[in-house]
Each structure stands twice: as C-alpha cells, then as structure tokens.
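The primary structure of each chain is shown beneath.
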Amino acid sequence: MMDILKKLASRRGFVDEFWARLKQYRAEGKNVTHIEVFNELNDLWELEIGEPRFPSYNAFRKYRDKRG
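Below is a summary of the structure that appears in this document. (Residues numbered from 1 in each chain as written. Predicted model: local features only at pLDDT ≥ 70, side-chain atom pairs only at ≥ 80, totals over all residues. Heavy atoms only, no water.)

1. Describing helix α4 (residues 57-67)
Part 1 of the argument: Listing the buried residues of α4 in full gives Y57, F60, Y63 and R64. The arc that holds the buried residues of α4, viewed along the axis, is 130 degrees, so those residues lie on one side.
Part 2 of the argument: Its buried side turned inward, α4 meets α2 (11-27) and α3 (34-49). (Buried < 20%, exposed > 50% of the residue type's maximum accessible area, 1.4 Å probe, protein only. Helix = DSSP H or I, 4+ residues; strand = E, 2+ residues; numbered from the N terminus. Arc of directions from axis to C-beta. Contact = heavy atoms within 4.5 Å.)

2. Re the nonpolar core
Part 1 of the argument: Counting 18 residues, the largest nonpolar core has L8, F14, V37, F38 and F60 as the members making the most contacts within it.
Part 2 of the argument: Secondary-structure elements contributing two or more residues to this core are α1 (2-8), α2, α3 and α4.
Part 3 of the argument: Once residues within four sequence positions are removed from consideration, F60 is found in contact with F14, V15, F18, F38 and F54. (Core = buried A, V, L, I, M, F, W, Y, C linked by side-chain atoms within 4.5 Å.)

3. Some details on the packing of α2 against α3
Part 1 of the argument: At a minimum axis separation of 10 Å, α2 and α3 run at an interaxial angle of 125 degrees. Taken together, the axes of α2 and α3 lie oblique to each other. You can see that α2 and α3 cross each other, and the crossing is right-handed. The residues of α3 that touch α2, namely those facing F14, E17, F18, W19, R21, L22, Y25 and R26, are H34, V37, F38, E40, L41 and N42.
Part 2 of the argument: Across the contact of α2 with α3, the residue classes tally to 8 nonpolar, 2 polar and 4 charged. (Axes fitted to C-alpha atoms, helices over the stretch in contact; angles between N-to-C directions. Parallel < 35°, antiparallel > 145°, perpendicular 65-115°, else oblique. Left-handed = near helix turned anticlockwise from the far one by under 90°. Nonpolar A, V, L, I, M, F, W, Y, C, P; charged D, E, K, R; others polar.)

Below, the structure is given as structure tokens:
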C-alpha cells in the first residue's frame, strides 16, 4: 500500500497510475470509464491521507490534459 501512496503523492505519479490502471483494466476486458479509474485512485488517497488528491475529476482532467 505504501508504494502506491508514494506514487500518488505527486500529481505526475497520480496521472501515470491512472493511465496504467486504465490500460490494465481494459486489457482484462473490464469496461471502465476514466471517471471510475480516477475515483478509485482519488478515493484510495483520501481514505489513507484524509483529503482527496484532486478536488474533482474535472480538476484532474484539466491537469492531466495540460501536462500530458
């Protein structure tokens, strides 16, 4: 658990983990949305740290799309 939290601690790491999980889930044949993957990661962070990593999917999306 600590490894994933270390990765999610940076915004870049959060984005990288987002893309990795989306790719993994879709390769496994799971029909997941971007929002579902975001919520999974943001909820994990909030559960462990006490506050969300990003305030909303929209804030995450804007960051993700600006920085690639």
